[in-house]
Amino acid sequence: MNEKLLLPARLDSAAVRALAQAIQARRGHPLTIDAQQVELAGALGLQLLVAAHRQWQEAGIAFRLTGAEHGLLDMCQTLGVPPGEIGAAPGEEAAA
């Protein structure tokens, strides 16, 4: 079963705690994160996505981020984080 998680419009420090709990509740299962609604992303939110992606990779479980738009991809570019590090699909990496 592939779990799906919808990110909030503001992926800022106020949203990170609830998001971290939601991600950890899905640990051990394939996970797709829908970033379509993200308009603003902060460094802490991006760091959480990088850490989650790495945890899933180390466990050998599918992790994918879809629908990445400007807010999230702009923060990736600002911080020098390749979109693939947060699990963005190849099409989204090219858009960065």
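Here the structure is a predicted model, which means the values were calculated and not measured. (Residues numbered from 1 in each chain as written. Predicted model: local features only at pLDDT ≥ 70, side-chain atom pairs only at ≥ 80, totals over all residues. Heavy atoms only, no water.)

Asker: What am I meant to see in the side chain of Asp-12 here?
Answerer: If you trace the backbone, Asp-12 turns up in the loop between strand S2 (10–11) and helix H1 (13–25). In this structure Asp-12 comes out as buried when scored by relative accessible area, which is 17%. (Helix = DSSP H or I, 4+ residues; strand = E, 2+ residues; numbered from the N terminus. Buried < 20%, exposed > 50% of the residue type's maximum accessible area, 1.4 Å probe, protein only.)

Asker: How should I be thinking about the environment of Trp-56 in this particular structure?
Answerer: Examined against the element boundaries, Trp-56 turns out to sit in helix H2 (residues 43–59). With 21 residues separating them in the primary sequence, Trp-56 and Gln-77 have C-alpha atoms 23 Å apart. The residues touching Trp-56, leaving out its near neighbours within four places in the chain, are Ile-23, Arg-26, Arg-27, Gly-28, His-29, Pro-30, Leu-31, Ile-61, Ala-62 and Phe-63. (Contact = heavy atoms within 4.5 Å.)

Asker: How should the packing of H2 against helix H3 (residues 70–79) be read in this particular structure?
Answerer: Relative orientation and spacing of two packed helices are given, respectively, by the angle between their axes and the distance between those axes. Put simply, H2 and H3 touch, their axes get as near as 10 Å, and they point 90 degrees apart. Relative to H3, the element H2 is oriented roughly perpendicular. Each of Ala-43, Leu-46 and Leu-49 in H2 lies in contact with H3, whose residues at this interface are Leu-72, Met-75, Cys-76 and Leu-79. Looking at the contact of H2 with H3 residue by residue, the classes come out as seven nonpolar, no polar and no charged. (Axes fitted to C-alpha atoms, helices over the stretch in contact; angles between N-to-C directions. Parallel < 35°, antiparallel > 145°, perpendicular 65-115°, else oblique. Nonpolar A, V, L, I, M, F, W, Y, C, P; charged D, E, K, R; others polar.)

These results come straight from atomic positions and should not be treated as a statement about function.
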